[in-house]
Amino acid sequence: LHNMKFKDIKTMHLENAISKCSLGHGSLRKMKILYQQMYAYAMANDIAIKDYSDYLKLGEDTSNPDRQPFSKEEIKLLFDNEPNLPYIDTVLILIYSGIRPSELLNLKKEDVNLDEQYFIVTESKTEAGQNRLVPINKKILPYFKRRVELGTEYLIMHPSKNKQPGYD
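Residues numbered from 1 in each chain as written. Predicted model: local features only at pLDDT ≥ 70, side-chain atom pairs only at ≥ 80, totals over all residues. Heavy atoms only, no water.

1. Let's talk about the overall build of the chain
Broken down by element type, the chain carries six helices and three strands. Moving toward the C terminus, one meets the helices and strands of the chain in the order α-α-α-α-α-β-β-β-α. Taken over the C-alpha trace, the chain has a radius of gyration of 23 Å; the compact-globule value for 168 residues is 15 Å, which it surpasses by more than 25%. The principal-axis extents of the C-alpha atoms in the chain amount to approximately 65 × 35 × 30 Å. (Helix = DSSP H or I, 4+ residues; strand = E, 2+ residues; numbered from the N terminus. Rg over C-alpha atoms; globule rule 2.2 N^0.38 Å.)

The structure is reproduced here in structure tokens:
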């Protein structure tokens with residue numbers, strides 16, 4: 001598509017680009033959204049008179065991600081081994097809070113209220129997820145307390161570098 005004039009792009013060109021893409025259904029959906037945005041701009045600026053992205057059919061998402069929730073036995077195993085292995089508390093916090101890993105990595109201690117047992121997610125992937133209160137389950141409250149007492153800016157920090165994990 002990048003070598004074509006926009007006014008010459010038709011549905012078959014868009015379909016061809018999508019069919020040759022080896023990414024998952026979510027990425028294909030984003031491609032279609034991009035095409036729709038491009039056509040909205042083109043039509044608003046008299047570059048195109050028809051939105052060919054309207055005719056794109058992506059089909060059903062047939063991917064079947066092999067994601068299974070933790071079983072009760074697996075969660076018990078995590079609790080039993082938490083004192084012996086680093087970051088098991090992080091996994092348990094994720095399981096019991098339901099937040100995204102990126103939200104936990106961006107969680108600052110100042111956003112944790114231990115007295116009332118909640119924290120505030122200030123940075124989220126979605127606008128709806130921002131500034132929401134998340135209760136702290138009593139089973140993971142000791143992990144929050146321990147991490148707050150570490151004296152670092154973020155709740156989850158790399159122990160040897162005093163940095164957030166994933167940013168080394």
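2. A look at the environment of Asn 131
In this structure, Asn 131 sits in the loop between β2 (118–121) and β3 (132–135). With eleven residues separating them in the primary sequence, Asn 131 and Ile 120 have C-alpha atoms 5.8 Å apart. Beyond its immediate stretch of four places on either side in the chain, Asn 131 contacts Ile 120, Val 121 and Thr 122. (Contact = heavy atoms within 4.5 Å.)

3. Here we look at the packing of helix α4 (residues 88–97) against helix α6 (residues 141–148)
The geometry of α4 relative to α6 is characterised by a closest axis approach of 10 Å and an angle of 125° between their N-to-C directions. With respect to α6, the element α4 is oriented oblique. In this structure, α4 crosses over α6, and the sense of that crossing is left-handed. Listed contacts from α6 to Asp 89, Thr 90, Leu 92 and Ile 93 of α4 are Tyr 143, Phe 144, Arg 146 and Arg 147. (Axes fitted to C-alpha atoms, helices over the stretch in contact; angles between N-to-C directions. Parallel < 35°, antiparallel > 145°, perpendicular 65-115°, else oblique. Left-handed = near helix turned anticlockwise from the far one by under 90°.)

4. Focus on the nonpolar core
Nonpolar side chains in soluble globular proteins tend to be buried together. One finds Phe 119 and Phe 144 to be the most contacted residues of the largest nonpolar core, which totals 19 residues. Elements represented by at least two residues in this core include exactly α3 (72–81), α4, β2 and α6. Residues within four places of Phe 119 in sequence aside, it is in contact with Ser 97, Ile 99, Leu 107, Asp 111, Val 112, Arg 132, Leu 133, Val 134, Pro 135, Ile 136 and Phe 144. (Core = buried A, V, L, I, M, F, W, Y, C linked by side-chain atoms within 4.5 Å. Buried < 20%, exposed > 50% of the residue type's maximum accessible area, 1.4 Å probe, protein only.)

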